[in-house]
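One letter stands for each residue in the lines below.
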Amino acid sequence: MLWTLRPLRLWSLPCRPPPHRPFSFTSSRRLPNVLAESIPKPPSFREEVAKAKKLPSFTDAVRNVPIQNQVLFVVAGSAGALVLGAHLTNYELFKWWTFIASSPQDHGAHVNRPPTTEELARAKYYAFGRRLQGTLASMKSSMEQFPETLKAMVIWSYVQVFQPILNASEGKRMCWAIGALNCAIWVAWRVPRWNALMTRSFTHNPLSGKSYTLFTSMFSHENIFHLGFNCLALASFGAAASQQLMIRYRKVEEERGILSEPTPKWHLLALFISAGLFSGLVSHVAYARWRYPRVIAQLRSAGTSSSTLRAGSSAASSSAPSASGAASSTAKTAVSHVVREAKEGTGSLGSSGAIYALFAITALGFPDAEITFVIPPWIPVNIQTGFGALVAIDLLGALRGWRMFDHFAHLGGALFGVFWYYCGAQIWYELRSWDLPVAYFLHGDKLKAVRKPPAVTA
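Residues numbered from 1 in each chain as written. Predicted model: local features only at pLDDT ≥ 70, side-chain atom pairs only at ≥ 80, totals over all residues. Heavy atoms only, no water.

- Naming follows an unreviewed UniProt entry, where the protein chain appears as Peptidase S54 rhomboid domain-containing protein of Pycnoporus cinnabarinus.
- According to its UniProt record, the protein chain has this under Subcellular location (unreviewed entry): "Membrane". (UniProt positions renumbered as here; feature names shortened; annotations may be inferred.)

**Some remarks on the overall build of the protein chain**
Item 1. On a plain count of helices and strands, the protein chain comes out with 17 helices and two strands.
Item 2. When contacts within the protein chain are restricted to residue pairs at least 6 apart in sequence, those whose partners lie at least 24 apart make up 73%.
Item 3. A total of about 27,600 Å² of accessible surface is found on the protein chain, and carbon and sulfur atoms cover 64% of it. (Helix = DSSP H or I, 4+ residues; strand = E, 2+ residues; numbered from the N terminus. Contact = heavy atoms within 4.5 Å. Areas by Shrake-Rupley, 256 points an atom, 1.4 Å probe, with all protein chains shown as cover.)

**Here's the deal with the environment of Ala-286**
Item 1. Within the fold, Ala-286 resides in helix H11 (residues 265-301).
Item 2. By relative accessible area, which is 13% here, Ala-286 ends up buried.
Item 3. For the pair Ala-286 and Pro-206, spaced 80 residues apart in the sequence, the C-alpha separation amounts to 9.7 Å.
Item 4. Apart from residues lying up to four places away in sequence, Ala-286 is in contact with Arg-291 and Phe-408. (Buried < 20%, exposed > 50% of the residue type's maximum accessible area, 1.4 Å probe, protein only.)

**Topic: the packing of helix H7 (residues 170-189) against helix H10 (residues 224-256)**
Item 1. Where H7 meets H10, the axes come as close as 8 Å, and the angle between the chain directions of the two elements is 165 degrees. Considering the angle they form, H7 stands roughly antiparallel to H10. Of the two elements, H7 crosses H10, and the hand of that crossing is right-handed. Within the contact between the two elements, H7 uses Gly-171, Lys-172, Cys-175, Trp-176, Ile-178, Gly-179, Asn-182, Cys-183 and Trp-186 and H10 uses Ile-224, Leu-227, Cys-231, Leu-234, Ala-235, Gly-238, Ala-239 and Ser-242.
Item 2. Considered class by class, the residues forming the contact of H7 with H10 number 11 nonpolar, five polar and one charged. (Axes fitted to C-alpha atoms, helices over the stretch in contact; angles between N-to-C directions. Parallel < 35°, antiparallel > 145°, perpendicular 65-115°, else oblique. Left-handed = near helix turned anticlockwise from the far one by under 90°. Nonpolar A, V, L, I, M, F, W, Y, C, P; charged D, E, K, R; others polar.)

**What to know about the packing of H10 against helix H14 (residues 352-365)**
Item 1. Close contact between H10 and H14 brings their axes to 8 Å; oriented N to C, the two are set at 40 degrees. In terms of orientation, H10 and H14 fall into the oblique class. For the pair H10 and H14, the sense of crossing is left-handed. Contact residues: H10 offers His-226, Asn-230, Ala-233, Leu-234, Phe-237, Gly-238, Ala-240, Ala-241, Gln-244 and Leu-245, while H14 offers Ser-352, Ile-355, Leu-358, Phe-359, Ile-361, Thr-362 and Gly-365.

**Brief notes about the packing of aromatic side chains**
Item 1. As enumerated under the stated definition, the model contains 15 aromatic pairs in all.
Item 2. Here the aromatic rings of Tyr-249 and Tyr-429 are separated by 6.0 Å at their centres, their planes lie at 45 degrees, and the arrangement is tilted. Here Tyr-429 lies in helix H16 (residues 407-443) and Tyr-249 lies in helix H10, a separation of 180 residues in the sequence. Comparing Tyr-249 with Tyr-429, the two get one shared label, buried.
Item 3. Ring geometry for Phe-416 against Trp-420: centres 5.9 Å apart, planes inclined by 10 degrees, an arrangement best described as stacked. (Phe/Tyr/Trp six-rings, centres within 6.5 Å; stacked < 30°, edge-to-face > 60°.)

**Topic: the UniProt feature "transmembrane region" (unreviewed entry) in the protein chain**
Item 1. In this numbering, the UniProt entry assigns the feature "transmembrane region" (unreviewed entry) to residues 266-290, 349-366, 378-396 and 408-429.
Item 2. Along residues 266-290 the backbone is 100% helical and 0% strand, and the end-to-end C-alpha distance reaches 35 Å.
Item 3. Helix makes up 74% of residues 378-396 and strand 11%, whereas the separation of the span's terminal C-alpha atoms amounts to 23 Å.

**A word on a nonpolar patch on the surface**
Item 1. Taken together, the side chains of Phe-146, Leu-150 and Met-153 make up a nonpolar region of the molecular surface, amounting to roughly 290 Å² of accessible area.
Item 2. Along the chain, Leu-150 falls in helix H6 (residues 148-167). (Patch = residues over 30% accessible without salt bridge, like charges linked within 9 Å, V, L, I, M, F, W, Y side chains within 5 Å. Salt bridge = Lys/Arg side-chain N within 4 Å of Asp/Glu carboxyl O.)

**Examining the environment of Ala-275**
Item 1. Checked against the element boundaries, Ala-275 lands in helix H11.
Item 2. For Ala-275, a relative accessible area of 0% translates into the label buried.
Item 3. Along the backbone, Ala-275 and Gly-417 are 142 residues apart, and their C-alpha atoms lie at a distance of 7.3 Å.
Item 4. Each residue touching Ala-275, except ones within four places of it in the same chain, is listed here: Ala-354, Ala-357 and Phe-416.

**Some words on H6**
Item 1. In this model H6 runs 28 Å from its N-terminal to its C-terminal C-alpha over 20 residues, within 8% of the 28 Å that 1.5 Å per residue would give.
Item 2. Looking only at H6, the buried set comprises Lys-151, Ile-155, Tyr-158 and Leu-166.
Item 3. On its buried face, H6 sits against helix H5 (117-142) and H7. (Expected span 1.5 Å × (residues − 1).)

**Overview of the pattern of salt bridges**
Item 1. As enumerated under the stated definition, the model contains six salt bridges in all.
Item 2. A salt bridge links Glu-170 to Lys-124; the shortest N-O distance between them is 2.8 Å. Of this pair, Glu-170 sits in helix H7 while Lys-124 sits in helix H5; the two residues are 46 residues apart in sequence, bridging distant segments of the chain.
Item 3. We note a salt bridge from Glu-430 to Arg-256, for which the minimum N-O separation is 2.2 Å. With Glu-430 in helix H16 and Arg-256 in helix H10, this residue pair connects regions lying 174 residues apart in the sequence.
Item 4. By relative accessible area, which is 44% here, Glu-430 ends up partly exposed.
Item 5. Residue Arg-256 is classed as partly exposed on the basis of its relative accessible area of 41%.
Item 6. Several salt bridges converge on common partners, so that one network encompasses Glu-92, Lys-124, Glu-170 and Lys-265.

As structure tokens, this is what we get:
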């Protein structure tokens with residue numbers, strides 16, 4: 001046990017009582033005499049509530065949706081995608097020019113001039129075929145101990161998988177790669193613990209103020225039917241659009257000079273990203289500057305007071321208009337949708353906007369082609385007629401406020417596709433010409449070492 005030693009007080013002795021002092025005695029004159037009247041009264045609950053910061057109204061929050069950062073992001077992202085695609089195309093030009101110049105007799109090309117687009121495509125096709133054949137030969141050698149039935153099954157499966165890949169164009173292969181990425185993100189949606197992350201980062205909600213979701217949302221599909229339809233449309237229109245891009249580019253080559261294009265896949269990928277970003281931006285601006293103000297106008301016309309439009313969970317329960325009738329029901333439905341977007345974070349997603357751009361290029365480039373919709377009655381129609389009908393439906397849906405699809409994104413993608421059909425080849429040629437010295441400086445040293453023709457022996 002620990003004891004604390006304290007000095008003894010005189011009055012603590014039993015022989016001396018402690019001194020008596022009145023309750024009001026104050027030993028020091030410097031301490032003020034506090035009166036009961038000078039004590040401040042505690043504020044009432046009503047006064048404390050009045051001092052609280054006023055919550056922003058739901059009307060102000062919807063009216064002030066930002067668009068500046070989104071516009072800058074789309075401009076920078078589109079420019080970056082196009083410049084990077086042009087650089088990768090020039091890189092492949094020098095890479096395969098080096099490959100052809102090392103053995104020109106095998107490819108029927110001349111060393112003293114750049115290879116044409118057809119020569120580059122032929123060299124790439126045979127090189128890819130030989131690589132697949134080498135892989136098949138190594139598989140056969142590694143399966144010597146296997147039974148003949150199993151060996152034949154493995155070889156047959158390999159041929160069935162890679163023969164269509166070899167025969168497909170490079171534009172279609174790029175569409176397959178984009179579709180594989182879409183499927184991977186769709187699988188991520190199936191993980192329950194990732195749903196909050198996927199909703200936050202792979203859907204674009206105009207009320208969130210985010211910009212990067214304009215890019216991530218174009219590869220995101222939450223519904224299996226949406227994913228399947230977009231992948232099917234991407235494989236169909238993407239392959240046709242890549243052919244049209246090559247045709248338009250060759251016309252520009254004839255006018256401005258030969259600058260061979262070894263592959264259309266980087267052009268197609270840059271177009272897909274740029275069209276997806278632009279369509280998402282059109283949807284963002286349309287909701288921020290037209291759709292949401294229209295909802296507020298409907299609420300005001302229905303007689304809803306601004307005090308009932310508060311942010312948070314109270315808005316969802318107190319947003320019902322006081323007036324009755326059709327106007328009241330329309331306003332209630334509209335505001336509940338906007339509040340649900342603000343509260344739950346729901347937004348647009350999918351690559352439909354970029355696919356509409358590829359659809360527009362295909363329709364303008366191949367006007368005599370026919371398409372068949374996946375919905376009954378499966379009657380073939382002219383591609384331009386079908387494209388015009390879909391655009392008319394999207395325009396009507398945007399004006400009527402239909403929310404099953406993002407009609408603004410569809411219209412933005414179609415507009416970008418029309419623009420790229422008429423001006424894209426010139427822009428792509430200028431970008432490649434601007435990047436050509438940079439690409440040659442970075443990758444042309446190998447080409448200079450093999451440009452001399454090999455010695456011919458008798």
